[in-house]
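Summary of structural features
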Amino acid sequence: MSEQELNSYRFLSGQDPTDEMLYAIMSEARDAAVKKAEEAQKKFEADYERLYEQALRIWGKRINSMCNGHY
């Protein structure tokens, strides 16, 4: 199936897609979803690391102050 045939199909046309068209459409949707999930996971991990380091610095300063007798 050509790219033009695939891109010309519309679900609202009243025609059912062929199995080949449906497979291609669903494969593209899956690939897009996987890519989006991977990007979201990377962003989450970066944000988590940044917040973890920030909390570690804050609590480190507080603990250090307490150890030095500064309440």
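What you are looking at is a predicted structure, and each value in this text was computed from that prediction instead of being measured.

With that settled, consider the overall build of the protein chain. A count of helical and extended segments in the protein chain gives two helices and zero strands. When burial is assessed residue by residue, the protein chain has 6% of its 71 residues classed as buried. Element-wise, carbon and sulfur atoms account for 57% of the exposed surface of the protein chain, whose accessible area totals about 6700 Å².

Under the definition given, this model contains two salt bridges. The closest approach of N and O atoms between Asp31 and Arg30, which form a salt bridge, is 3.0 Å. By relative accessible area, which is 43% here, Asp31 ends up partly exposed. Accessibility expressed as a relative area gives 46% for Arg30, which makes it partly exposed.

This part covers helix H2 (residues 19-67). For H2, with 49 residues, the first-to-last C-alpha span of 70 Å sits near the 72 Å given by 1.5 Å per residue. Backbone geometry just after H2 places Gly69 at a positive phi near 85°.

Cut-offs used in this document
- Residues numbered from 1 in each chain as written.
- Predicted model: local features only at pLDDT ≥ 70, side-chain atom pairs only at ≥ 80, totals over all residues.
- Heavy atoms only, no water.
- Helix = DSSP H or I, 4+ residues; strand = E, 2+ residues; numbered from the N terminus.
- Buried < 20%, exposed > 50% of the residue type's maximum accessible area, 1.4 Å probe, protein only.
- Areas by Shrake-Rupley, 256 points an atom, 1.4 Å probe, with all protein chains shown as cover.
- Salt bridge = Lys/Arg side-chain N within 4 Å of Asp/Glu carboxyl O.
- Expected span 1.5 Å × (residues − 1).

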